[in-house]
Structure formats: structure tokens, C-alpha cells
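# Reading the structure
Residue-level listing of the chains:
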Amino acid sequence: MLNPVKMMKLKKSWDTFTGNHPKFPKFIEAVNNKGLQEGMVIEITVTTVSGETLSSNLKVTASDLELISDLKDINAQK
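Residues numbered from 1 in each chain as written. Predicted model: local features only at pLDDT ≥ 70, side-chain atom pairs only at ≥ 80, totals over all residues. Heavy atoms only, no water.

## A few points about the overall build of the protein
Inclusion rule: The helix count covers DSSP runs of H or I at least four residues long, the strand count covers runs of E at least two residues long, and both are numbered beginning at the N terminus. What the globule rule says is 2.2 Å times the number of residues to the power 0.38, and the radius of gyration is computed from C-alpha atoms. The contact rule is simple, with two residues in contact once any of their heavy atoms fall within 4.5 Å. A positive count includes Lys and Arg, and a negative count includes Asp and Glu. His and the chain ends are not counted in either. Note that the charge is assigned to NZ on lysines, CZ on arginines, CG on aspartates and CD on glutamates.
Of the regular secondary structure elements, the protein holds three helices and two strands. Each helix (α) and strand (β) of the protein, taken in turn from the N terminus, gives the series α-α-β-β-α. For the protein, the C-alpha radius of gyration of 15 Å lies well beyond 12 Å, the compact-globule estimate for 78 residues. With the C-alpha coordinates aligned to their principal axes, the bounding extent of the protein is approximately 40 × 35 × 20 Å. In the protein, once contacts between residues fewer than 6 apart in sequence are set aside, the share between residues at least 24 apart is 21%. Positive and negative charge centroids in the protein, built from 10 and 9 side chains respectively, lie 11 Å apart.

## Things to note about the packing of aromatic side chains
Operational definition: Stacked, edge-to-face and tilted are the three classes for Phe, Tyr and Trp ring pairs, Trp counted by its six-membered ring, which pair at centre distances within 6.5 Å; planes under 30 degrees apart are stacked, over 60 edge-to-face, the rest tilted. We call a residue buried when its accessible area falls under 20% of the maximum for its residue type, exposed when it is over 50%, and partly exposed in between, using a 1.4 Å probe and counting protein chains only.
Using the criterion set out here, one finds three aromatic pairs in the structure. Taking 5.5 Å as the distance between ring centres and 25° as the angle between the ring planes, the aromatic pair formed by W14 and F17 counts as stacked. Here the residue W14 and the residue F17 both occupy positions in helix α1 (residues 4-20), the gap between them amounting to three residues, near one helical turn. What makes W14 partly exposed here is its relative accessible area of 44%. A relative accessible area of 33% means that F17 is categorised as partly exposed. Ring plane angle 90° and centroid distance 5.7 Å describe the contact between F17 and F24, whose orientation is recorded as edge-to-face.

## Here's the deal with helix α2 (residues 23-34)
What counts here: For a helix, the expected span equals 1.5 Å multiplied by the number of residues minus one.
Between its first and last C-alpha atoms α2 spans 17 Å; for twelve residues at 1.5 Å apiece the expected length is 16 Å, and the two agree. Directly beyond the C-terminal end of α2, a positive phi value near 85° is found at G35.

## Focus on α1
Quick reminder of the rule: Polar contact criterion, stated in full: a pair of N or O atoms within 3.5 Å, where within protein one must be able to donate a hydrogen and the other to accept it, and residues adjacent in sequence count only if both atoms are side-chain atoms.
Taking 1.5 Å of rise per residue, 17 residues should cover 24 Å, and α1 covers 24 Å from first to last C-alpha, within 8% of that figure. By the criterion of burial, α1 is predominantly exposed, with just one of the 17 residues buried. You can read the cap of α1 off the contacts: a side-chain oxygen lies 2.8 Å from the backbone nitrogen of V5, and it is on N3.

## A short note on the confidence of the model for the protein
Which entries qualify depends on this criterion: Residue-level confidence of the predictor, termed pLDDT, takes values from 0 up to 100.
On average, residues of the protein carry a pLDDT of 91, and 94% of them reach 70 or more. The secondary structure element of the protein with the lowest average pLDDT is helix α3 (residues 62-77), at 85, and the one with the highest is strand β2 (residues 53-59), at 98.

Here is the structure:
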């Protein structure tokens, strides 16, 4: 069972995050609207303050989609 106090803290943190980075939720929404599918590639690149670039990617699998679905179900229950 989800702890309501932790959920409220998480919501406040998410609201702060989306206030600081308003384009990110729109990006996630656009990806969601396209429909995340098995075989799609998700790539993440991080540039450190010293200028070093770190990158990684993953190819979406059926089990990834199942995990995302389960997380959506948990979110819908609150």
C-alpha cells in the first residue's frame, strides 16, 4: 500500500520539477501520444558541468512495457 504522506511529498517534488522544467512533461506526453512500442529506442545523454558527455540507450522490450503498464495502474489507484 502506498503511504499517503510520501505520495504528497512526491507530488510536491513533481510539481517543483515540472515548474523548473516545463518542456519535459510535454515531451513525455508527446512520447505517450505516439504510443511507446517494443523495439523503440530510448536514448539519454547527460553533460556534466565539466563538459563530459555520458550517453546510454535501451531498446524497449515487452517486459519494459509491462513495467510501465503496472506503474500506470499504481498511479491510477491513488
